[in-house]
Amino acid sequence: GIVFNSTELKNIFLTGIELKDQFGNPIPQETIDFFIEAAQKEVQDLLSVKLHRMAYYEDRDFVHDDWIKWGYAPTTYPVVRALSVQGFLNTTLQIDYPSQWLKSKSQGPDEDLFHRTINLVPIAGASSQLTGNAVYVGISPYVGYFGSKQIPNYWRLKYVTGFSKIPKDILNAIGKYSAINILLQLGDLVSGIPGVASKSISLDGLSQSIGTTNSSQKTGFGARIDAYIRELDRQIPLMKSRYVGITFGCL
């Protein structure tokens, strides 16, 4: 599930930097992999997406106004293909929609822009009468639930989400987050003392000088770290508008 190997990360985001401590020992492969996996998790949480194509299950509340006015079941992640939609009251099955009625929406030819909804066709709008192959149990598939307009954990959804090919802007952000964490640790390893950016010893004069990594004194990799942070500050809002979009509902 890792999107970069260490060689790719070095060649693209850490060009010209030796990943070694003050004794010439290379940074362990496990350390680099950890920072890449941590960056993947951070970007997934920021954009609320799954990077790899997978089947996903989740429970969602039933909101009467959303259903009547929009005719959809909301999902946490973008829906590539809807697999099943069922309605439950606690553990009692109320309705099981046929897969032919389930529809997911995408925008244009870009396969990475899918909506976070499962639409039900032909059951949409104010009409809620079931015909054909729909299977439901009980008096009504949308029982009033003692007059409440919301039923907790009613929908049980199964759908395909994730990317068949991860977009390059997401890979770019993951690489920069990984590189920043590696460079921060490398600054301490090179000096040999955590929190120290540089040190020098003069044998003739028996003098020693130490540069610390406070706000006014950067590490030897500070320029690249600052550049990556500035680029991420610009890129992340654009990525959120593209992949997260606007979440709305009825009041």
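Residues numbered from 1 in each chain as written. Predicted model: local features only at pLDDT ≥ 70, side-chain atom pairs only at ≥ 80, totals over all residues. Heavy atoms only, no water.

1. Section: the overall build of the protein
In step 1: Secondary structure summary: the protein contains 5 helices and 10 strands in total.
In step 2: For the protein, with 251 residues in total, the buried portion stands at 39%.
In step 3: Considering only residue pairs separated by 6 or more positions, the protein has 73% of its internal contacts joining residues 24 or more positions apart.
In step 4: For the protein, the exposed surface amounts to about 14300 Å²; the carbon and sulfur share of it is 54%. (Helix = DSSP H or I, 4+ residues; strand = E, 2+ residues; numbered from the N terminus. Buried < 20%, exposed > 50% of the residue type's maximum accessible area, 1.4 Å probe, protein only. Contact = heavy atoms within 4.5 Å. Areas by Shrake-Rupley, 256 points an atom, 1.4 Å probe, with all protein chains shown as cover.)

2. What about the packing of aromatic side chains?
In step 1: Tallied over the entire structure, the rule returns 11 aromatic pairs.
In step 2: When the centroid spacing of 5.6 Å and the interplanar angle of 65° are considered together, the rings of Phe34 and Phe35 count as edge-to-face.
In step 3: Phe35 sits in the buried class, given a relative accessible area of 13%.
In step 4: With 5.3 Å between their ring centres and 55° between their planes, Phe62 and Tyr154 make a pair best called tilted. Here Phe62, found in strand E1 (residues 54-63), pairs with Tyr154, found in strand E8 (residues 150-161); they are 92 residues apart in sequence, far enough to count as distant.
In step 5: Members of the aromatic cluster, joined through ring pairs, are Phe62, Tyr97, Trp101, Tyr154 and Trp155.
In step 6: Lying over the aromatic face of Phe88, Arg156 brings its terminal NZ or CZ to 4.0 Å of the ring centre. (Phe/Tyr/Trp six-rings, centres within 6.5 Å; stacked < 30°, edge-to-face > 60°. Lys NZ or Arg CZ within 6 Å of the ring centre and 35° of its normal.)

3. Side note on the pairing of strand E3 (residues 81-89)
The side chains of a regular strand alternate between both faces of the sheet.
In step 1: Sheet analysis places E3 next to E8, joined by 6 bridges and oriented antiparallel. Across the sheet, residue Ala82 finds its bridge partner in E8, namely Tyr159.
In step 2: Relative to strand E4 (residues 92-96), E3 is paired through 4 bridges, and the arrangement is antiparallel. Bridging across to E4, Phe88 finds its partner in Leu93.
In step 3: A loop of 2 residues connects E3 with E4, the two strands running antiparallel in sequence, and Asn90 in this loop sits at a positive phi of about 60°. (Pairing = 2+ DSSP bridges.)

4. Comments concerning the pattern of salt bridges
In step 1: The full count for this structure, using the stated rule, is 3 salt bridges.
In step 2: Taking the shortest distance from any N to any O, the salt bridge between Lys41 and Asp45 comes out at 2.7 Å. Of this pair, Lys41 and Asp45 both sit in helix H2 (residues 29-47), 4 residues apart, roughly one helical turn.
In step 3: A salt bridge links Glu231 to Lys176; the nearest nitrogen and oxygen atoms lie 2.4 Å apart. With Glu231 in helix H5 (residues 222-243) and Lys176 in helix H4 (residues 168-191), this residue pair connects regions lying 55 residues apart in the sequence.
In step 4: In this structure Glu231 comes out as partly exposed when scored by relative accessible area, which is 29%. (Salt bridge = Lys/Arg side-chain N within 4 Å of Asp/Glu carboxyl O.)

5. Observations regarding the sheet that holds strand E5 (residues 102-103)
In sheet architecture, strand pairing relies on hydrogen bonds along the backbone and comes in two forms, parallel and antiparallel.
In step 1: Overall, antiparallel pairing links the 3 strands, which are arranged E2-E6-E5 in an open sheet. Bordering the open sheet on either side are strand E2 (72-74) and E5, each of which pairs with just one other strand.
In step 2: In this structure, E5 lies alongside strand E6 (residues 117-120), joined through 2 bridges in antiparallel fashion. Among the inter-strand pairings, Leu102 is bridged to a residue of E6, identified as Leu120.

The values reported here are purely geometric and, on their own, carry no functional implication.
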